[in-house]
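# Chain and residue survey
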Amino acid sequence: MIKVTYIEDNGTSRDIDVEEGTNLMDAAVDNLVPGIDGDCGGVSACATCHVHVDAAWQDKLEPMNETEDSMLDLTDSRDDSSRLACQITATAALDGLVLRTPTGQH
Amino acid sequence: MSETTVIIGGGQAGAQTVMSLRREGFEGKIVLIADEPELPYQRPPLSKAYLAGEMAKDRLFIKPAAFYDKLDAELLLGVAVESIDTQKQQLTLKDGSTQSYDQLVFATGGRVRRLTCSGADHPAVHYLRTLGDVEAMQARFSAGTRLAVVGGGYIGLETAAIAAKHGLQVTVLEAQATPLVRVACPEVGQFFQSIHQQAGVSIHCDTLLESIEDEGEGVAALITNTGERILAELVVVGIGLLPNVELAASAGIACDNGITVDEHCRTSVANIYAAGDCTNHPNPIYQRRMRLESVHNAIEQGKTVAANICGKNTPYAQVPWFWSDQYDVKLQTVGINMGYDQTVIRGQPDSRSFAVFYLQAGRLLAVDAINRPAEFVVAKKIITQGLAVSVDRLQDETINAKELVEA
Ligand SMILES: Cc1cc2nc3c(=O)[nH]c(=O)nc-3n(C[C@H](O)[C@H](O)[C@H](O)COP(=O)(O)OP(=O)(O)OC[C@H]3O[C@@H](n4cnc5c(N)ncnc54)[C@H](O)[C@@H]3O)c2cc1C
Ligand code: FES
């Protein structure tokens, strides 16, 4: 288990225990984290699992592939910290990761 | 007195309606009645990872049980609605109980079209729509099994792909000259035919199934109009979906290839709405009616229904999109290509990365993007905003896909 913190746009913060190997969209849905829908079930097809990754963590993540990069262009508030939560898999190296859900994503 | 919204059907559209009702501020009672025994689940993995046992069952559920508790939504699972009295605003369930409503939502989806040829009841013959369908065939789904897929649509081809990956010997029967004829241009059909052939799948086009004979020991023989006799331990039929409209029709609600709804997802009867695969709805972007079978449509119509129940007067105006995963190929479709008079291909099919733009009188209707997510994204913008495109630029690979929007 690792700890991942999801922070909503209104500041509400939730610490979730995530089993290694689980993607961070599934973990959010399982734990009723608002703002992460995961409409396509985690196959980079919907971009409803957009999150902003805290600066300190960005280079600890696997780089994104072309599909993820393109799909993020569909979101309103894309910036350098943007990722699709379904494409981030929980690993020991990510223990303590902090993610923010974008404003207006629901 | 608090109001009650009842939703019939626990698929993607039904589950979304529950969630969106609370998001839109609905404070009344929510009851979802579903004939399948499971919590609402996602169907797309049924013809992909889940069929091959690559995915845990828990992962299929759209939301965990605790979610519906938190929303204070009541789920009545494993029981069908049998009749509706629209005057009394009351439903009768299969178990004889009744349920009254102030607003009613049809999210009844569809059921598979079945074979009618002789031998169609052979025990090797299966269909693919529900978790129960997958569970019924999973024991036979193992390496070495001969699988015959009837119908070269997306569900049939996805089943063939995951089966080939797991070592089944796969044959596909397709009535038309190429697979996917109903939804894509011949080039896309030919492309999928070739990637299946490369994976060792045998695809028989222009071939009709005439009858099924029993070969004994659980093996079926598929007899075709071309005189072939194809043996299979497992037959998966994917020849289309019939919208579940009978309950609505019997209650006097207008239906025509689906439950007829207006742009607010309202049916012809007051206080009754419909969402998802079961609707025949108007699309303002294409200025025509359509019935779609896609997750996106089910979700967006669920949202539309919820908003309108909450008095928001929100019309449904979405560019449809869809995806299909086969082998290393990710197809993303945006728009509806119906009525196209020109196709423009960007990139080379041989490279397993190309996009087909479907145009009508020079206007972009739809795109099939094959391992081309950037083209999918840009096309979604072009179609949503009704922007102009130039054929020369679409074809020109020296122009970055993102810049096609400036054309
Ligand atoms: C194998 C497969 C793969 C797919 N892959 C994709 C894909 O990759 N991408 C994509 O976008 N879409 C895909 N789809 C389509 C997508 O799953 C559907 O569009 C979506 O599930 C539609 O949701 P729905 O809620 O409208 O209908 P459904 O999911 O059909 O749900 C309707 C439910 O209502 C129930 N019901 C009907 N009548 C009654 C009654 N009288 N009382 C109680 N309950 C009733 C039905 O039994 C059913 O459970 C796929 C579908 C299948 C079958
Ligand atoms: S869940 Fe659809 S893109 Fe992540």
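These notes cover the structure that comes with them. Just so we're clear, the structure is a prediction, and the values are computed from it rather than from any experiment. (Residues numbered from 1 in each chain as written. Chains lettered and ligands numbered in written order. Predicted model: local features only at pLDDT ≥ 70, side-chain atom pairs only at ≥ 80, totals over all residues. Heavy atoms only, no water.)

## A short note on the pairing of strand β13 (residues 209–216) of chain B
Residues and elements named next belong to chain B. The condition that has to hold: Paired strands are those between which DSSP finds at least two bridges. Only DSSP runs of H or I covering at least 4 residues are called helices, and only runs of E covering at least 2 are called strands; the numbering of each starts at the N terminus.
For β13 and strand β14 (residues 219–224), the ladder comprises six bridges, and the chain directions are antiparallel. In the sheet register, Leu-209 faces β14, and the bridge partner there is Thr-224. Following β13, the chain reverses through two residues before pairing antiparallel with β14; Glu-217 in that reversal takes a positive phi of roughly 55°.

## A short note on the sheet that holds strand β12 (residues 202–204) of chain B
Residues and elements named next belong to chain B. Put simply, the rule is: Note on method: axes are straight lines fitted to C-alpha atoms, helices fitted across the in-contact stretch only, with angles between N-to-C directions ranging 0 to 180 degrees.
Across the sheet, which stays open at both edges, the five strands sit in the order β9-β16-β10-β11-β12 with parallel pairing between neighbours. Two strands close off the open sheet at either side, each with one partner strand: β9 (125–127) and β12. When the angles between neighbouring strand axes are averaged without regard to direction, this sheet yields 20°.

## Regarding the pattern of salt bridges
Keep this limit in mind: Salt bridge, as applied in this entry: a Lys or Arg side-chain nitrogen positioned within 4 Å of an Asp or Glu carboxyl oxygen. Accessibility here uses a 1.4 Å probe with only protein chains present; expressed as a share of the type maximum, an area under 20% marks a residue as buried, one over 50% as exposed, and anything in between as partly exposed.
Counting across every chain of the model gives 31 salt bridges over all chains. Taking the shortest distance from any N to any O, the salt bridge between Lys-48 of chain B and Glu-158 of chain B comes out at 3.0 Å. Highlighted residues: Lys-48 of chain B in the loop between β2 (29–34) and α2 (65–70) and Glu-158 of chain B in helix α4 (residues 154–165), separated in sequence by 110 residues. For the residue pair Lys-48 of chain B and Glu-158 of chain B, the accessibility class agrees, reading buried in each case. Between Lys-303 of chain B and Glu-300 of chain B there is a salt bridge, with the nearest N and O atoms lying 3.4 Å from each other. In this pair, Lys-303 of chain B and Glu-300 of chain B both sit in helix α7 (residues 295–309), three residues apart, roughly one turn of the helix. Accessibility expressed as a relative area gives 21% for Lys-303 of chain B, which makes it partly exposed. Ionic contacts of the salt-bridge type, sharing partners, join the residues Asp-69, Asp-73 and Arg-78 of chain A together with Lys-402 of chain B into one network.

## A few points about the pairing of strand β3 (residues 50–53) of chain A
Residues and elements named next belong to chain A. Side chains His-50 and His-52 project from β3 onto one buried face, and the interleaved Val-51 and Val-53 project onto a second face that is buried too. With three bridges joining them, β3 and strand β4 (residues 82–84) adopt antiparallel strand pairing. Among the inter-strand pairings, Val-51 is bridged to a residue of β4, identified as Arg-83. Strand direction decides the pairing type here: β3 and strand β5 (residues 97–100), joined by two bridges, are antiparallel. In the strand pairing of β5, His-52 is matched with Arg-100.

## Quick notes on the site of ligand 1
Residue and element names in this part refer to chain B. So the rule is basically this: Throughout, the term near means that a residue has one or more heavy atoms lying within 4 Å of the molecule or strand in question. Polar contact is the term for a pair of N or O atoms within 3.5 Å; when the atoms are in protein, one must be able to donate a hydrogen and the other to accept it, and sequence-neighboring residues count only if both atoms are side-chain atoms. Here, Shrake-Rupley sampling with a 1.4 Å probe gives the accessible areas, and only protein chains in the shown set may cover a residue.
The full set close to ligand 1 counts 34 residues, and Asp-35, Glu-36, Arg-43, Lys-48 and Arg-129 are the nearest of them. Within the side chain of Arg-129, a nitrogen or oxygen atom sits 2.6 Å from an oxygen atom of ligand 1. The contact in question runs from an oxygen atom of ligand 1 to an N or O atom on the side chain of Asp-277, over 2.7 Å. Starting from 1,000 Å² of accessible surface for ligand 1 in isolation, the protein chains cover 95%.

## A few points about the nonpolar core
Note that soluble globular proteins tend to have their nonpolar side chains buried in a common cluster. The condition that has to hold: Side-chain atoms within 4.5 Å link the members of a nonpolar core, which is a set of buried Ala, Val, Leu, Ile, Met, Phe, Trp, Tyr and Cys residues. When checking whether two residues touch, look at their non-hydrogen atoms; a contact exists if any pair is within 4.5 Å.
Ranked by size, the top nonpolar core spans 129 residues in total, and within it Tyr-6 and Leu-24 of chain A together with Val-170, Val-188, Phe-192 and Leu-364 of chain B carry the most contacts. Here Tyr-6 of chain A is in contact with Thr-12, Ser-13, Arg-14, Ile-16, Leu-24, Ala-27, Ala-28, Val-33, Ile-36 and Leu-99 of chain A, once residues within four sequence places are set aside. In terms of nonpolar packing, the next biggest core, distinct from the first, is built from 23 residues, Ile-8, Ile-33, Leu-91 and Val-245 of chain B among them.

## Remarks on the state of the cysteines
All names here are of chain B. To keep things clear, this is the line we draw: Pairs of cysteine sulfur atoms within 2.5 Å are identified as disulfides in what follows.
Across all of its chains, the model carries zero disulfides over all chains by this definition. Of the cysteine sulfurs around Cys-278, a residue in no disulfide, the closest is that of Cys-255, at 8.8 Å. We classify Cys-278 as buried; its relative accessible area is 0%. Lacking any disulfide linkage, Cys-310 is separated from the closest cysteine sulfur, that of Cys-265, by 14 Å.

## Considering the interface of chain A and chain B
Often, the extent of an interface is quoted as the loss of accessible area on bringing the components together. This is how the line gets drawn: Buried area counts how much accessible surface, traced with a 1.4 Å probe, disappears from two parts once they are put together, with both parts' losses summed. Classes in brief: Ala, Val, Leu, Ile, Met, Phe, Trp, Tyr, Cys and Pro nonpolar; Asp, Glu, Lys and Arg charged; the others, Gly included, polar.
With 20 residues of chain A in contact, the opposing surface of chain B contributes 25 residues. Interface area for chain A against chain B, summed over the two sides, is near 1,900 Å², with a carbon-plus-sulfur share of 55%. It is Leu-32, Asp-39 and Leu-74 of chain A that lose the most area in chain A upon contact with chain B, and together they represent 28% of the buried surface on that side. At the junction of chain A with chain B, the criterion picks out four salt bridges. Linking Asp-73 of chain A and Lys-402 of chain B is a salt bridge whose minimum nitrogen-to-oxygen distance equals 3.4 Å. For the pair chain A and chain B, the number of links is six residue pairs in polar contact (both at pLDDT 80 or more). At the level of secondary structure, the elements contributing two or more residues to the side of chain A that touches chain B comprise α1 (24–30) and α2 (66–72) of chain A. The greatest single-element share of the side of chain A that touches chain B, amounting to four residues, is contributed by α2 of chain A. Among the residues forming the side of chain A that touches chain B, the class breakdown is nine nonpolar, five polar and six charged.

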